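Residue-level structure breakdown
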Amino acid sequence: MPELKYTQDHEWVRADGDAATIGITDHAQNALGDVVFVDLPEVGREVAAGEAIAVVESVKAASDVYAPIAGRIVEVNSALTDDPGLINREPTGEGWFFKIEPSDASSIAALMDESAYAAFVDSQA
Amino acid sequence: MAETESLLETPLAGLHRALGGRMVAFAGYAMPVQYPAGIMAEHLHVRSAAGLFDVSHMGQAELVGEGAAAALERVTPADIQALKPGRQRYGLLMTQDGGIFDDFMVANRGDRLFLVVNASRKHDDFALIESVLPAGVTLRRLPDRALLALQGPGAAAAIGPLAPALTALSFMGIAETEIEGIPVIASRSGYTGEDGWEISAPAESAEALAKLLLALPGVQPAGLGARDSLRLEAGLCLYGTDIDEATSPVEAALTWSIGKRRRMEWDFPGAERVREELANGTARVRVGLRPEGRQPARGETMIHAPGGETIGSVTSGGFGPSLGGPMAMGYVARSHATDGTPIELIVRGRPLAARIAPMPFVPHRYAR
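Residues numbered from 1 in each chain as written. Chains lettered and ligands numbered in written order. Predicted model: local features only at pLDDT ≥ 70, side-chain atom pairs only at ≥ 80, totals over all residues. Heavy atoms only, no water.

**Some words on the packing of aromatic side chains**
Just so we agree on the cut-off: Aromatic rings from Phe, Tyr and Trp, taking only the six-membered ring of Trp, are treated as a pair when their centres fall within 6.5 Å; an angle between ring planes under 30 degrees marks them as stacked, one over 60 as edge-to-face, and anything in between as tilted. Each helix is a run of H or I in the DSSP string that is no shorter than four residues. Each strand is a run of E no shorter than two, and both are numbered from the N terminus. The classification of residues rests on relative accessible area computed with a 1.4 Å probe and restricted to protein chains. Under 20% of the type maximum is buried, over 50% is exposed, and intermediate values are partly exposed. In this analysis the charged atom, NZ for Lys or CZ for Arg, is taken to sit over a ring once it is within 6 Å of the ring centre and within 35 degrees of the ring normal.
In total, this model carries six aromatic pairs over all chains according to the counting rule given. Their ring planes at 10 degrees and their centres at 4.7 Å tell us that A:Y6 and A:Y117 sit as a pair that is stacked. One end of the pair, A:Y6, is in strand β1 (residues 5-6); the other, A:Y117, is in helix α5 (residues 114-124), and 111 residues separate them in sequence. A:Y117 gets classed as buried once you look at its relative accessible area, which sits at 7%. For the pair B:W266 and B:F268, a centre-to-centre distance of 6.2 Å together with 45 degrees between the ring planes defines the contact as tilted. With a relative accessible area of 5%, B:F268 lands in the buried category. The cationic tip of B:R284 hangs over the ring face of B:Y331; the distance from NZ or CZ to the ring centre is 4.4 Å.

**What to know about the environment of A:A52**
Residue and element names in this part refer to chain A. Put simply, the rule is: The criterion used for residue contact is that any of the two residues' heavy atoms lie within 4.5 Å.
You can see A52 is positioned in strand β6 (residues 52-58). Using a relative accessible area of 37% as the deciding quantity, one classes A52 as partly exposed. In sequence terms A52 and S63 are 11 residues apart; their C-alpha atoms lie 9.6 Å from each other. A52 has contacts with R45, D64, V65 and Y66, leaving out every residue within four places of it along the chain.

**So, the domain arrangement of chain B**
All names here are of chain B. Note the threshold: Domains are outlined according to an automatic or database domain assignment. When two parts are put together, the accessible area they lose, computed with a 1.4 Å probe and summed over both, is reported as buried area. Each salt bridge in this description consists of a side-chain nitrogen of Lys or Arg and a carboxyl oxygen of Asp or Glu lying within 4 Å of one another. We define a polar contact as two N or O atoms separated by no more than 3.5 Å, with the added condition that, inside protein, one atom must be a possible hydrogen donor and the other a possible acceptor, whereas residues neighbouring each other in sequence contribute only through side-chain atom pairs.
Taken as a whole, chain B is organised into domain 1 (2-58 + 144-233) and domain 2 (283-360 + 364-368). Each side of the interface is counted separately: domain 1 has 15 residues, and domain 2 has 16 residues. Summed over both sides, the interface of domain 1 with domain 2 buries roughly 1400 Å², with 62% coming from carbon and sulfur. Area buried by domain 1 at its contact with domain 2 is led by F171, L232 and E233, which between them contribute 46% of it. The tally of links between domain 1 and domain 2 comes to one salt bridge. Between E194 and R365 there is a salt bridge, with its nearest N and O atoms 3.0 Å apart. On inspection of domain 1 and its partner domain 2, the count reaches 10 residue pairs in polar contact (both at pLDDT 80 or more). Among the secondary structure elements, those contributing two or more residues to the side of domain 1 that touches domain 2 are α2 (39-48) and α8 (224-233).

**Here's the deal with the nonpolar core**
Generally speaking, nonpolar side chains in soluble globular proteins are found buried as a group. Residue and element names in this part refer to chain B. For clarity, the cut-off: We call a set of buried residues a nonpolar core when its members are Ala, Val, Leu, Ile, Met, Phe, Trp, Tyr or Cys and they connect through side-chain atoms within 4.5 Å of each other.
F53, Y90, I100, F114, I243, L254 and V274 are the most contacted members of the largest nonpolar core, which has 40 residues in total. At the level of secondary structure, the elements contributing two or more residues to this core comprise β5 (88-94), β6 (100-108), β7 (112-117), β9 (145-151), α8, α10 (271-280) and β17 (325-333). The contacts of L254, once residues within four sequence positions are left out, are Y90, L92, I100, C237, I243, P249 and R286. A146, A163, V184 and L212 belong to the second largest nonpolar core, which has 29 residues in total.

**Regarding the sheet that holds strand β16 (residues 310-320) of chain B**
Sheets are built from strands paired through backbone hydrogen bonds, the pairs being either parallel or antiparallel. Residues and elements named next belong to chain B. The criterion, for reference: We treat two strands as partners when DSSP finds at least two bridges between them. Lines are fitted to the C-alpha atoms to define the axes, a helix being fitted only along its stretch in contact, and any angle between axes, read from their N-to-C directions, falls within 0 to 180 degrees.
Overall, antiparallel pairing links the six strands, which are arranged β14-β17-β16-β15-β18-β19 in a closed barrel. Each strand of the sheet is rotated relative to its neighbour by a mean of 40 degrees, with strand direction disregarded. Helix-sheet contacts for α8 involve β16 and β17, and the interaxial angle to β16 is about 125 degrees.

**Re the interface of chain A and chain B**
Contact residues are listed per partner, giving 15 residues for chain A and 16 residues for chain B. Carbon and sulfur atoms supply 50% of the area buried between chain A and chain B, which totals about 1400 Å² over both sides. In terms of surface lost to chain B, no three residues of chain A exceed A:V36, A:V59 and A:K60, which account for 40% of the buried area on that side. Between the two partners, chain A and chain B, sit three salt bridges.

**Examining the sheet that holds strand β10 (residues 174-179) of chain B**
Residues and elements named next belong to chain B. Ordered by their spatial adjacency, six strands build an open sheet running β10-β11-β12-β9-β3-β13, and the pairing between neighbours is mixed. With one partner strand each, in any of the chains shown, β10 and β13 (219-221) form the two edges of the open sheet. Strand-to-strand twist in this sheet, taken as the mean axis angle between neighbours without regard to direction, amounts to 30 degrees. Summarising the sheet, β10 and strand β11 (residues 182-187) pair through six bridges and their orientation is antiparallel. Counted as the bridge partner of I174 is S187 from β11.

What follows is the structure, given as structure tokens:
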């Protein structure tokens, strides 16, 4: 499986063939707490890097989820609608949010790798 | 964490950290918003067994001297003079123009009144009360006391063997007793809608008391996050969010806290406004709201008539773990305040269908 890349918004990106799968990190789900609702983008929507395109709500608060790369939404994880707790239980697995077909495949390579993200998280503590 | 460095701490700060509490700033104090179990689990545990909350940030004080009850009535419309020894009651402190200065608990301890006020307002509250005291009545702040809340249907079975005097109390009863040698003042009350006690103890004994209570069967620590979702399910107001100096008791649907005698004498601050509003109604009123689906609407969300004009706004909103869905409270125009009335909540620019709903969202289970 391709390695995960990370953003400073605590999201992960996995390049899988033509599309990149995106979710929030374990650190992010832990900080949010129990997720009770997600608002996912429409399939087919063109998104810009850094654009707020989804919302995740925990018992306590609502947070934006951003498009880490520019491209087109090709799939969303509809299982989250009925079971948003997947985000807490399997943040980098079944708890994924959406898939983006990147407009520029090299934009993924420019994101942080695991050790750079770990250092970033430590610097925020 | 840097953001909590300048904050005050309660006597249980060390215990919170040892328990893995996630500390956040609240009313100038570093307080645990949750422990490792998380808000959802802590909330559900309080509803099914028992949770222990640290509420030591709240203000405690005693009012002593001949005429203390009459003196306190100069700032509240609650009937304090009719409060019997060993009983506690909820009241409002009022502004001169009929707004809510704070909400508080007052108990008659025989030779004195015992007060518990909100952390965010305690300094202002105590100054307000002192400003109306006649000679011979004194307010004694009790900054060296901690306050713990043991809440949940399992609380009585847990604490009964240690403190039978506490299980002998009915809802809103208060007693002084000892728990394993620690002197406490405890009332059968709380902020969750469940049975339970709020237990005042000397600060130096607070950690020993908390550890002792946490060791009782079924008792788990619970943080401010669960306290907030529990109180909202119970339909209880949070001062500064659901009620404030701009809100009257009539708008807030808290007129039940105004004593009958006080409504005949009209001798409390803001009485003119309250009297007028009771006679003619208010433009807006506090209501419960139930959004359809699972999406919560948070505080400050605008409330619209279906497809139409703004009729109010949400003051508190979130997801009710025991309710299994979103819930909110807020203020709407009286014309739209009837239970069942369909309304729209404007969440991130889109209308979310909801209805006016009765509160509490989860039934109270007090020991009456």
